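Each chain, written out:
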Amino acid sequence: QVQLVESEGGLVQAGDSLKLSCTASGRTSTTYDIGWFRQAPGKEREFVAAIRWTGGNTYYADSVKGRFTISRDNTKSTVYLQMNSLKPEDAAIYYCAAGRGNPWSSSYEYHYHYWGQGTQVTVSS
């Protein structure tokens, strides 16, 4: 069992930056791939970014590529999502998730077995 806790989101203005963290606890929590997903009101949850626990390969949705950076610190069992140049369309509830599987499935929800509670990010224009 892995427990995931996201840091508090916040209200920012368009163009600002915000850094989210996801801290994992539980047995072998650092041996899971970690993904970030988001869900805006009235929309389906969508993939944002992921990082593999082996090799640290990263994956990004096209909509955030070049603006968001995912990283991990296994010594702290924490994964970070640095979000720069935020846009109003980035506003959503952000979830981190932990899972294991093939690299090609890293952007799919079924890759992940454990989910955090989510944290709200609001971006004003």
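Here the structure is shown first, and the text comes after it.
Remember, predicted model here, so these are calculated numbers, not experimental data.

S.K.: What's the story with unusual backbone geometry in this structure? I'm lost.
M.R.: Leaving glycine out, the prevailing phi sign among residues is negative, and the prevailing peptide bond configuration is trans. Unlike most non-glycine residues, Ser-77 shows phi in positive territory, near 50°. Tracing the backbone shows Ser-77 in the loop between strand S7 (68-73) and strand S8 (78-83). We note that Ser-85 has phi near 50°; this positive angle belongs to a residue other than glycine. By relative accessible area, Ser-85 is classed as partly exposed at 41%.

S.K.: Looking at this structure, how should I read the environment of Thr-31?
M.R.: One can find Thr-31 in the loop between strand S3 (18-26) and strand S4 (33-39). In this structure, the C-alpha to C-alpha distance between Thr-31 and Tyr-60, residues 29 residues apart in sequence, is 20 Å. If we skip the residues at most four places from it in the chain, Thr-31 touches Trp-53 and Arg-100. Of note is the side chain of Thr-31, whose polar atom sits 2.5 Å from the side chain of Arg-100.

S.K.: Explain the sheet that holds S3 here, please?
M.R.: The pairing of strands in a sheet comes from backbone hydrogen bonds and takes either a parallel or an antiparallel form. Spatially, S1-S3-S8-S7 is the arrangement adopted by the 4 strands of the open sheet, whose pairing is antiparallel. The strands lining the two open edges of the sheet, one partner per strand, are strand S1 (2-6) and S7. Pairs of neighbouring strands in the sheet enclose a mean axial angle of 20°, with direction left out of account. One ladder, built from 6 bridges, connects S3 with S8; its direction is antiparallel. The partner of Leu-18 across the bridge, within S8, is Met-83.

S.K.: I would appreciate a short explanation of the state of the cysteines in the present structure.
M.R.: What is meant by a disulfide is a covalent connection between two cysteines, made through their sulfur atoms. The final tally for this structure, using the stated rule, is 1 disulfide. At a sulfur-sulfur separation of 2.1 Å, the disulfide partner of Cys-22 is Cys-96. Of note, the bridge from Cys-22 to Cys-96 carries an S-S torsion of about 65° and is right-handed in sense. In this pair, Cys-22 is assigned in strand S3 and Cys-96 in strand S9 (residues 92-99), connecting sequence segments 74 residues apart. Classification of Cys-96 as buried rests on a relative accessible area of 0%.

Rules used throughout
Residues numbered from 1 in each chain as written. Predicted model: local features only at pLDDT ≥ 70, side-chain atom pairs only at ≥ 80, totals over all residues. Heavy atoms only, no water. Helix = DSSP H or I, 4+ residues; strand = E, 2+ residues; numbered from the N terminus. Buried < 20%, exposed > 50% of the residue type's maximum accessible area, 1.4 Å probe, protein only. Contact = heavy atoms within 4.5 Å. Polar contact = N/O pair within 3.5 Å; in protein donor to acceptor, adjacent residues only side chain to side chain. Pairing = 2+ DSSP bridges. Axes fitted to C-alpha atoms, helices over the stretch in contact; angles between N-to-C directions. Disulfide = S-S within 2.5 Å.

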